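The primary structure of each chain is shown beneath.
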Amino acid sequence: MQGRMTGKVAFITGAARGQGRSHAVRLASEGADIIAVDICEDIRTVTPFYSLATEDDLAETAKEVKALGRRVVATKADVRDLGALQKAFDHGVAELGPVHTVVANAGIATAFRKTWELTADEWRDMIDVNLTGVHHTATAAIPSMIEAGNGGSIVFTSSIGGFKGVQNVGHYVAAKHGIVGLMRTLANELAPHHIRVNTVHPTNVNTTMIQNPGVYGLFAPEDPEPSQEKSIPGFMAMNSMPVPWVEPEDISNAVLYLASDEARYVTGATLPVDAGAYVK
């Protein structure tokens, strides 16, 4: 089946690369026009581990969407800044029309140590991006969606860390659990408007967020020089299926389902795409 998003507009945060770009391209391939947002600059507590996306990355996402014959409005904006995010959303709606689908995907993973050893800045940045940023994304979009009266779908990117405790990423786990509570509340609040709200819960996904020395060290803690190769057994130990990670496209297929009319009565759901990590 093709054209599942024909005539619809999707608002996607963290869209410059990784899962966000994959979501934008997948939804565009099914007919959606895209409002793409990304911070396109580094955050100080993240850079010791990996660099965030750039404006060139966001331009590449826009290029790939346009190559599919779809329209795109790409804007640099930080999900921690509600005013900037609202401006980016409103600009996209003015250009493309009312939004049907929201994908709150922007997120970071950093500071891999015991919870009580996290600095105040590390905790604050994580919660501000991964939880408050999701709330800002919903807040920017919901009034317009209600006013349009067309229903719609909101998808939050959580994690298997939104289901259970994971050592050495307590701030990340707290944020991802918080997203689930926010989703369940909004699912009830928005049901009368036929706006559905769900979460997707990936295991490790093959993006820069996990492909960096900080995460390699988390999965190969005894090695003084951790590498991808050395960390693969640790990655695989997390999942029931014999794979170290899944691909962005695997998550995008789940997002597409939740955004499409095939899931028209699916709301308040927590959808794992995790190679069995949650049940292990």
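Going by the structure above, here's the rest.
All figures in this text were calculated on a predicted structure; none of them were measured in a lab. (Residues numbered from 1 in each chain as written. Predicted model: local features only at pLDDT ≥ 70, side-chain atom pairs only at ≥ 80, totals over all residues. Heavy atoms only, no water.)

### Section: the packing of aromatic side chains
Using the following cut-off: Two rings from Phe, Tyr or Trp (for Trp, the six-membered ring) form a pair when their centres sit within 6.5 Å of each other. Planes less than 30 degrees apart are called stacked, planes more than 60 degrees apart edge-to-face, and all others tilted. For the purposes of this entry, the term helix denotes a DSSP run of H or I that reaches at least four residues, the term strand denotes a run of E that reaches at least two, and both are numbered from the N terminus. When a residue's accessible area, from a 1.4 Å probe over protein chains only, is under 20% of the maximum for its type it is buried; when over 50% it is exposed; and in between it is partly exposed.
Throughout the structure, instances matching the rule amount to five aromatic pairs. Relative to F235, the ring of F219 has its centre 4.2 Å away and its plane inclined at 20°; by these criteria the two rings are stacked. Residue F219 is located in helix α6 (residues 213–219), and its partner F235 is located in helix α7 (residues 228–238); the two are separated by 16 residues in the primary sequence. Of the two residues examined, F219 and F235, each falls in the buried class. Ring pairs connect the aromatic residues F219, F235 and W245, which therefore count as one cluster.

### Focus on the nonpolar core
Selection criterion: Take the buried Ala, Val, Leu, Ile, Met, Phe, Trp, Tyr and Cys residues and link them wherever side-chain atoms come within 4.5 Å; each set so joined is a nonpolar core. What counts as a domain boundary in this text is fixed by an automatic or database domain assignment. Two residues qualify as a contact provided that any one of their heavy atoms is within 4.5 Å of a heavy atom in the partner residue.
By size, the foremost hydrophobic cluster in this structure holds 53 residues, and its most contacted members are F11, V99, I108, I154, F156, L186 and V197. Of the residues forming this core, the biggest block, nine residues, is contributed by helix α5 (residues 170–190). Each of domain 1 (9–205 + 248–271) and domain 2 (211–244) accounts for three or more of the residues forming this core. Excluding residues within four positions of it along the chain, V99 makes contact with V9, F11, I35, F89, V93 and M145. In this structure, M5, A15, A24 and V246 belong to the second largest nonpolar core, which totals 30 residues.

### Things to note about the pairing of strand β4 (residues 101–104)
Quick note on the threshold: Only when DSSP finds a minimum of two bridges between them are two strands counted as paired. Whether a crossover is right-handed comes down to one check: with the strands pointing away from the viewer, does the path from the first strand over the helix to the second run clockwise; if it does, it is right-handed.
Side-chain alternation along β4 places T101 and V103 on one buried face and V102 and A104 on a second face that is also buried. When strand β1 (residues 9–13) meets β4, the two strands line up parallel, connected through three bridges. Across the sheet, F11 pairs through a bridge with V102, a residue of β4. With helix α4 (residues 120–148) bridging β4 and its parallel neighbour strand β5 (residues 152–157), the resulting β-α-β unit is right-handed.

### Digging into the side chain of T137
What counts here: Throughout this description, a polar contact denotes any pair of N or O atoms lying within 3.5 Å of each other; where both atoms belong to protein, one of them has to be capable of donating a hydrogen while the other can accept it, and for residues adjacent in sequence the pair is counted only when both atoms sit in side chains.
Summarising the element assignment, T137 is placed in helix α4. At 2.8 Å, the side chain of T137 forms a polar contact with the backbone oxygen of G133. In this structure T137 touches F11, T13, V79, L85, V102 and A104, once residues within four positions along its chain are discounted.

### Remarks on the pattern of salt bridges
Defined as follows: When a carboxyl oxygen of Asp or Glu is within 4 Å of a side-chain nitrogen of Lys or Arg, the pair counts as a salt bridge.
Summed over the entire model, instances satisfying the criterion amount to 14 salt bridges. As a salt-bridge pair, K76 and E41 come within 3.2 Å of each other at their nearest N and O atoms. With K76 in strand β3 (residues 72–76) and E41 in the loop between β2 (33–38) and α2 (55–67), this residue pair connects regions lying 35 residues apart in the sequence. We classify K76 as partly exposed; its relative accessible area is 40%. The exposure class of E41 is partly exposed, given its relative accessible area of 39%. We note a salt bridge from D78 to R80, for which the minimum N-O separation is 2.8 Å. On the accessibility criterion, D78 (17% relative accessible area) is buried. A single network of salt bridges, built from pairs that share partners, joins R4, R26, E30 and E262.

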